[in-house]
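Geometric and topological summary
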Amino acid sequence: METSLLIAAVVAAGFVLVTGPFFIPELHKLKFGQSIREEGPKSHQAKSGTPTMGGIMIILGITIGTAVAAPLSTEILLALFITLGHFVLGFLDDYIKVVKKRNLGLKAKQKMLGQIVIAVVTMIIGTRMLGIDTSVWLPIANTSINIGAGYYFLLLFVMVGTSNAVNLTDGLDGLASGTMAIAASVYAVICLNMGHTDLAIFCAAVVAACLAFLRFNAHPAKVFMGDTGSLALGGALAAVGILTHTEVLLAVVGLIFVCEALSVIIQVISFKSTGKRVFRMSPIHHHFELGGWSEWKVVFVFWAVGLLAGIAGLCML
């Protein structure tokens, strides 16, 4: 088991570290540069033109590392399907924005349709081939409640919510990749504890690929992961939460992602209903930036909070 975890990590990290020096210059040549929105923090304007779509390296590293080290069980194949499905959505979104020069990328309806298709396939395979039932485990009470057909709506909510939450977190150098590495590390332990050894190998590949990507993504970033990476990583985290039947615990382990998404929801509701903003800017990492924190300080503090949330999640087991 330890050998498989190590192989997955080494292959995933090695792929990112080896391909990065060749892949990033190619993105420069293709002019796949990030456009920075005018209403964002002024300090971010200097990042305009930084290559994006670096998530291609991360997801290929995860896929290869997992395929080499883990048995291609139904559970692993479904986890990869969810991850790669969101990877395709993210790639199309980035391609339209960067190459076709349409700032909005995929329309919200198109992205949602894609996520619904992925969720429906997950429901079918999960219930018919993996025996996932319609109960929800409550960690603190250590009990399960069967919510019937409501579980399918919960599954869709978890998948859409997690992928989009990680996507929203990807706004500062190293923020999404670092917090994702922490959350995936916690889930590797959870998977081992619950007997999902194949998924633990998958998590090890996610951790290693994200940490290796920090070599190029830490401040000042040489490349961004883009929606190509962030949507796929969110899908990977959702996959592990669903396949281990720890959907509620996922909200604790991924507390940073939850806060990022909630800050956007609160900001939009407040502005539309009262004309006032709750935060200086959302997602919430920009609120702290505009409050005078350096980019590195925001990232470091969010990493620390993510680590504490992960430890809390483990304690709930």
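Figured I'd write up the structure that's included with this text.

Thresholds applied
- Residues numbered from 1 in each chain as written.
- Predicted model: local features only at pLDDT ≥ 70, side-chain atom pairs only at ≥ 80, totals over all residues.
- Heavy atoms only, no water.
- 1 Å grid on protein atoms, 1.4 Å probe; cavity = no way out; pocket = protein on both sides within 12 Å on 5 of 7 lines; lining within 4 Å.
- Points joined across faces, edges and corners; volume = space filled by probe spheres on them.
- Helix = DSSP H or I, 4+ residues; strand = E, 2+ residues; numbered from the N terminus.
- Patch = residues over 30% accessible without salt bridge, like charges linked within 9 Å, V, L, I, M, F, W, Y side chains within 5 Å.
- Areas by Shrake-Rupley, 256 points an atom, 1.4 Å probe, with all protein chains shown as cover.
- Salt bridge = Lys/Arg side-chain N within 4 Å of Asp/Glu carboxyl O.
- Buried < 20%, exposed > 50% of the residue type's maximum accessible area, 1.4 Å probe, protein only.
- Core = buried A, V, L, I, M, F, W, Y, C linked by side-chain atoms within 4.5 Å.
- Contact = heavy atoms within 4.5 Å.
- Nonpolar A, V, L, I, M, F, W, Y, C, P; charged D, E, K, R; others polar.
- Polar contact = N/O pair within 3.5 Å; in protein donor to acceptor, adjacent residues only side chain to side chain.

Considering empty space enclosed by the protein
Counting across every chain of the model gives 2 cavities of 30 Å³ or more. For the largest cavity, the calculated volume is near 50 Å³. Residue lining of the largest cavity: T179, I182, A183, V253, G254, L255, I256, F257 and G306, and that is the complete set. When residues of the lining of the largest cavity are traced back to their parent elements, those giving at least two are α6 (175-194) and α10 (255-274).

Describing a nonpolar patch on the surface
A surface patch of nonpolar side chains, about 440 Å² in accessible area, is lined by L262, I265, I266, I269 and V278. You can see V278 is positioned in the loop between α10 and α11 (284-290). Judged by its relative accessible area of 46%, V278 is partly exposed.

A look at the nonpolar core
With 77 residues, the main nonpolar core has I58, I62, Y187, F202, V206 and L233 as its most contacted residues. No other element matches the 15 residues that helix α7 (residues 197-217) contributes to this core. Once residues within four sequence positions are removed from consideration, I62 is found in contact with A12, F202, A205, V206, A209 and L233.

Topic: the layout of surface pockets
Of the voids in this model, the second largest pocket is the one considered here, and its volume is about 560 Å³. Forming the boundary of the second largest pocket are 21 residues, of which F157, G161, T162, V258 and A261 lie nearest the centre. At the level of elements, α5 (150-169), α9 (247-253) and α10 are the ones that each hand at least two residues to the lining of the second largest pocket. Sorting elements by how many residues they give to the lining of the second largest pocket places α5 first, with 9 residues. Of the residues in the lining of the second largest pocket, the class split is 16 nonpolar, 4 polar and 1 charged.

Things to note about unusual backbone geometry
Residue P220 is bonded to the preceding H219 through a cis peptide linkage, with omega at -5°. Counting through the fold element by element, P220 comes out in the loop between α7 and α8 (226-243). The backbone of M53 sits at a positive phi, close to 70°, despite the residue not being glycine. Within the fold, M53 resides in the loop between α1 (2-29) and α2 (55-69).

Here's the deal with the side chain of T169
Topologically, T169 is positioned in helix α5. Note on T169: relative accessible area 0%, which makes it buried. At 2.8 Å, the side chain of T169 forms a polar contact with the backbone oxygen of A165.

The quantities given are spatial measurements derived from coordinates; they are silent on function.
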